Amino acid sequence: MHDSDVAGPIDFLLLEFDPDKTDGSAAAALGDLVDSGVVALYDFLIVAKADDGTVTAIDISADGLGGFEVFAGARSGLLGDDDITDAGGALQPGRAAALFVYENRWAIPFIAAARAADASVVASARIPSDMIMAAL
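Since the model is a prediction, treat every value here as computed from it, not as a measurement.

Q: I'm lost on the pattern of salt bridges in this one. Help?
A: Side chains that differ in charge, positive against negative, can pair when their charged atoms come close. A complete count under the given rule lists four salt bridges for this structure. A salt bridge links E16 to R95; the nearest nitrogen and oxygen atoms lie 3.6 Å apart. With E16 in strand β1 (residues 10–17) and R95 in strand β4 (residues 95–104), this pair connects stretches of sequence that are 79 residues apart. The salt bridge involving R105 is made with E103; its shortest N-O contact spans 3.2 Å. Looking at R105, the relative accessible area reads 40%, which means it is partly exposed.

Encoded structure:
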């Protein structure tokens, strides 16, 4: 089995932020992860919730919000209108969020080796980092 026959775990992330306080550092950090091959970006959207509760997707290629315009072409089709609505429901009024789907490419060699050894995942969970930091 070759690494090219294996995909890494696919995750989504909804990162809420104040659109008036974006400085581009989060976009740059995500760009570094993509450029280094740690992750592959499948979809990337910016969703905003107005003070009146109206939810919209923002055209980041035109807006350049927080430096995220570099990800404007990341559209695999995995995210749709329902995902935008769901993301908006999670946001506070007056806030925006980056909604993206990515592959954890760092895991591909491990997954390939595990499969070659006839191993399989029987459970998996994500523990939020703030919970870990609070526990430590």
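After that view, the rundown keeps rolling.
Q: Honestly, unusual backbone geometry in this entry has me stumped. Any pointers?
A: Most peptide bonds take the trans configuration, and most residues that are not glycine carry a negative phi. Although it is not a glycine, D118 sits at a positive phi angle of roughly 60 degrees. Within the secondary structure, D118 sits in the loop between α4 (108–116) and α5 (129–135). Residue classification places D118 among the exposed positions, given a relative accessible area of 72%.

Q: Sorry if this is basic, but what is going on with the pairing of strand β3 (residues 55–58) here?
A: Bridge count between strand β2 (residues 39–49) and β3: four bridges; the pairing is antiparallel. Considered in β3, the bridge of V47 is made with A57. Hairpin connection between β2 and β3: a loop of five residues separates the two successive antiparallel strands, and G53 in this loop has a positive phi of roughly 95 degrees.

Definitions and cut-offs
Residues numbered from 1 in each chain as written. Predicted model: local features only at pLDDT ≥ 70, side-chain atom pairs only at ≥ 80, totals over all residues. Heavy atoms only, no water. Salt bridge = Lys/Arg side-chain N within 4 Å of Asp/Glu carboxyl O. Helix = DSSP H or I, 4+ residues; strand = E, 2+ residues; numbered from the N terminus. Buried < 20%, exposed > 50% of the residue type's maximum accessible area, 1.4 Å probe, protein only. Pairing = 2+ DSSP bridges.

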